[in-house]
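Residue-level structural notes
Okay, here's what each chain looks like letter by letter:
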Amino acid sequence: MGELVWLLLPIAATVGWLTARHNVFGQPSSSTSTLSADYFKGLKYLLNEEPDKAIDIFIRLIDVDSDTVETHLALGTLFRRRGEVNRAIRIHQNLTARTNLSIQQRYLALLELGLDFRRAGLLDRAESIFQQLTSSHEHRITAYQQLLDIYQQEHEWESAIETALQLESASHVKMHRVIAQYYCEQVELLRQHGQRDKALQAIQLALKIDNRCVRASLLEGQLALDIDDTALAIAAFKRVEQQDSDYLPEIIEPLQTCYRQLGQQQDFKEYLYHLLERYGGVAPTLLLVKSLREQGHEQQAVDFMVKQLHKYPSLSGLDQLLDLALLDTHHITHEHFLLLKDMTGQLMKNRPLYKCNYCGFKGKSLHWLCPSCRQWNTIKPLERITD
Ligand SMILES: [Zn+2]
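**With respect to the overall build of the chain**
Assigned secondary structure in the chain consists of 19 helices and three strands. Considering only contacts in the chain between residues 6 or more positions apart, those separated by 24 or more positions represent 51%.

**Brief notes about the pattern of salt bridges**
Pairs can form between side chains of opposite charge whenever their charged atoms are close. Taken as a whole and assessed by the stated rule, the structure comprises 13 salt bridges. Between Glu112 and Arg80 there is a salt bridge, and its shortest N-O distance comes to 2.9 Å. With Glu112 in helix H6 (residues 103–119) and Arg80 in helix H4 (residues 69–81), this pair connects stretches of sequence that are 32 residues apart. In this pair, the class of Glu112 matches that of Arg80, namely buried. The residue Arg82 makes a salt bridge to Glu84 at a minimum N-O spacing of 2.6 Å. For Glu84, a relative accessible area of 17% gives the class buried.

**Things to note about the coordination of the zinc ion**
Here the zinc ion is held by Cys356 (SG), Cys359 (SG), Cys370 (SG) and Cys373 (SG), and the distances to it run 2.2 to 2.4 Å. The site at the zinc ion holds four donor atoms, and with the angles between them running 105 to 116 degrees, its shape is tetrahedral. In primary-sequence terms, the residues that donate to the zinc ion follow C-x2-C-x10-C-x2-C. Comparing Cys370 with Cys373, the two get one shared label, buried.

**Some thoughts on the sheet that holds strand S3 (residues 379–381)**
If you walk across this open sheet you meet the three strands as S2-S1-S3, and the pairing is antiparallel. Each edge of the open sheet carries a strand with a single partner, namely strand S2 (362–363) and S3. Relative to S3, strand S1 (residues 354–356) runs antiparallel, the two sharing three bridges. Bridging from a neighbouring strand, Lys355 pairs with Lys380 of S3.

**Details of the packing of aromatic side chains**
The geometry of an aromatic ring pair is captured by the separation of the ring centres together with the interplanar angle, meaning the angle of the planes. Per the counting criterion, the structure on display carries five aromatic pairs. Each member of the aromatic cluster is reached from another via a ring pair, and the members are Trp157, Tyr182 and Trp376. A cation over an aromatic ring shows up here: Lys238 above the ring of Tyr271, its NZ or CZ 4.5 Å from the ring centre.

**Here we look at the packing of helix H16 (residues 282–294) against helix H18 (residues 315–326)**
Look at H16 against H18: their axes get within 10 Å of each other, and the N-to-C directions meet at 15 degrees. Classified by the interaxial angle, the pair formed by H16 and H18 is roughly parallel. Here H16 and H18 pass one another in a crossing that is left-handed. Residues Val282, Leu286, Val289 and Arg293 of H16 pack against Ser316, Gly317, Gln320, Asp323 and Leu324 of H18.

**Focus on the nonpolar core**
Core analysis: the largest hydrophobic core is formed by 83 residues, its most contacted members being Phe130, Tyr182, Ile203, Ile251 and Leu255. Of the residues forming this core, the biggest block, eight residues, is contributed by helix H10 (residues 176–192). Leave out the neighbours within four places in its chain, and Tyr182 touches Leu148, Gln152, Trp157, Ala160, Ile161, Ala164 and Trp376.

**Examining helix H12 (residues 214–226)**
The terminal C-alpha atoms of H12 lie 19 Å apart, and with 13 residues this matches the ideal 18 Å at 1.5 Å per residue to within 8%. Every buried residue belonging to H12 is among Val214, Arg215, Ala216, Ser217, Leu218, Leu219, Glu220, Gly221, Leu223 and Ala224, and all of these are buried. On its buried face, H12 sits against H10, helix H11 (196–209), helix H13 (230–243) and helix H14 (249–262). Note on H12: the residue one or two positions beyond its end, Asp228, has a positive phi of about 60 degrees.

**As for unusual backbone geometry**
If you check the backbone angles, His172 has positive phi at about 60 degrees while not being a glycine. Structurally, the position occupied by His172 is in the loop between helix H9 (157–171) and H10. Within the chain, Asn377 stands out as a residue other than glycine whose phi angle is a positive 65 degrees. Mapped onto the elements of the fold, Asn377 is located in the loop between S2 and S3. On the accessibility criterion, Asn377 (16% relative accessible area) is buried.

**Some details on the side chain of Arg80**
The class of Arg80 is buried, set by a relative accessible area of 11%. The residues touching Arg80, leaving out its near neighbours within four places in the chain, are Ala88, His92, Glu112, Leu115, Asp116 and Arg119.

**Concerning the packing of H11 against H12**
Describing two packed helices takes the angle between their axes plus the distance from one axis to the other. With their axes 10 Å apart at the nearest point, H11 and H12 run at an angle of 155 degrees to one another. By the angle class used here, H11 and H12 are roughly antiparallel. H11 and H12 meet at a crossing whose hand is left-handed. Touching Arg196, Ala199, Leu200, Ile203, Gln204, Ala206 and Leu207 of H11 are Ala216, Ser217, Leu219, Glu220, Leu223 and Asp226, all from H12. Among the residues making up the contact of H11 with H12, the classes are represented as eight nonpolar, two polar and three charged.

**Comments concerning the confidence of the model for the chain**
In this model, the chain carries an average pLDDT of 85, and 83% of its residues clear a pLDDT of 70 or more. A low-confidence stretch, residues 23–33 (pLDDT under 50), is modelled with four contacts involving residues beyond four sequence positions or located in other chains.

Rules and cut-offs
- Residues numbered from 1 in each chain as written.
- Predicted model: local features only at pLDDT ≥ 70, side-chain atom pairs only at ≥ 80, totals over all residues.
- Heavy atoms only, no water.
- Helix = DSSP H or I, 4+ residues; strand = E, 2+ residues; numbered from the N terminus.
- Contact = heavy atoms within 4.5 Å.
- Salt bridge = Lys/Arg side-chain N within 4 Å of Asp/Glu carboxyl O.
- Buried < 20%, exposed > 50% of the residue type's maximum accessible area, 1.4 Å probe, protein only.
- Donors = N, O, S within 2.8 Å, 3.2 Å for Na, K, Ca; no water.
- Tetrahedral: all angles 85-135°; square planar, octahedral: opposite > 155°, others 65-115°.
- Pairing = 2+ DSSP bridges.
- Phe/Tyr/Trp six-rings, centres within 6.5 Å; stacked < 30°, edge-to-face > 60°.
- Lys NZ or Arg CZ within 6 Å of the ring centre and 35° of its normal.
- Axes fitted to C-alpha atoms, helices over the stretch in contact; angles between N-to-C directions.
- Parallel < 35°, antiparallel > 145°, perpendicular 65-115°, else oblique.
- Left-handed = near helix turned anticlockwise from the far one by under 90°.
- Core = buried A, V, L, I, M, F, W, Y, C linked by side-chain atoms within 4.5 Å.
- Expected span 1.5 Å × (residues − 1).
- Nonpolar A, V, L, I, M, F, W, Y, C, P; charged D, E, K, R; others polar.
- pLDDT = per-residue confidence, 0-100.

Here it is as structure tokens:
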């Protein structure tokens, strides 16, 4: 006997029970006999493993009233959980079509139907159901959350922003950091379509709602570079220092480009020393070492690198030190170092560069929405070997 039969047996029992009860309340005998005939037909379908036919009969037999709504809802949920979404939809649609439900029952059935549609990937239909549900006091927050998920999935950022604001005022949960990310998503699209003015406006909206939005600053810097506004780019990239210093490794290279364009390498070096003094970190060290080497101060570069490696052990730092040591082979053979260099290079190639502080997901590129736990703003650059 199929597994479905065990699911439907309790429903069959309910129908049997209702038929019996109707007898007690003196239903006309003809009606009772019709019910019984259908009931046995349903049972027969069930035993012949034709569950869909059985479901139709049982649904028809159980009059939807306040006593049996629960049974329908339970059966529908059960089907959805088992991945039999079409059956769940049939049951919940049958419920919502009834006119004798209380408002609460109707909303509950709608909620389940909305979840069915989402599960089936029918997002437009799910959306219209959850929109209806936003007028229910009881399910309003769930409805907004569902709508938000749908808009995010569909990349409908304007609707997502609007819904997040409604969710915030309904639930009093702060949504400003997420809303800023939605604006940033719009910025990326606008940038792709060459609509730079609109993109810059959206960046301002992101920063207005979350002045610590690092992504908005990085985007503003990139857009400013697109239009050769180096001063604006520098201001935007430097803002990251105040917003969240963990993201400083992201701004070092673009800032180097900016200062190079202006011919102000000395100012850049001073800024790197400032970052190093204040936050430590590997990225500024590497650039300063490189600059010392370019000026021919090999010994100074080695001393500086070794000192920084003691403070901030990092794979890329070690790699750089080996580069320096390869230039001076008094004590260790060249082959030795080549081997070591090869190893560190391999290690760096396979190493994740970013990590989610929420779920621990590690990856090679900077996602603002964690692909693993779907949280915003939780992924940060990794630097230390021990990270
Ligand atoms: Zn995560």
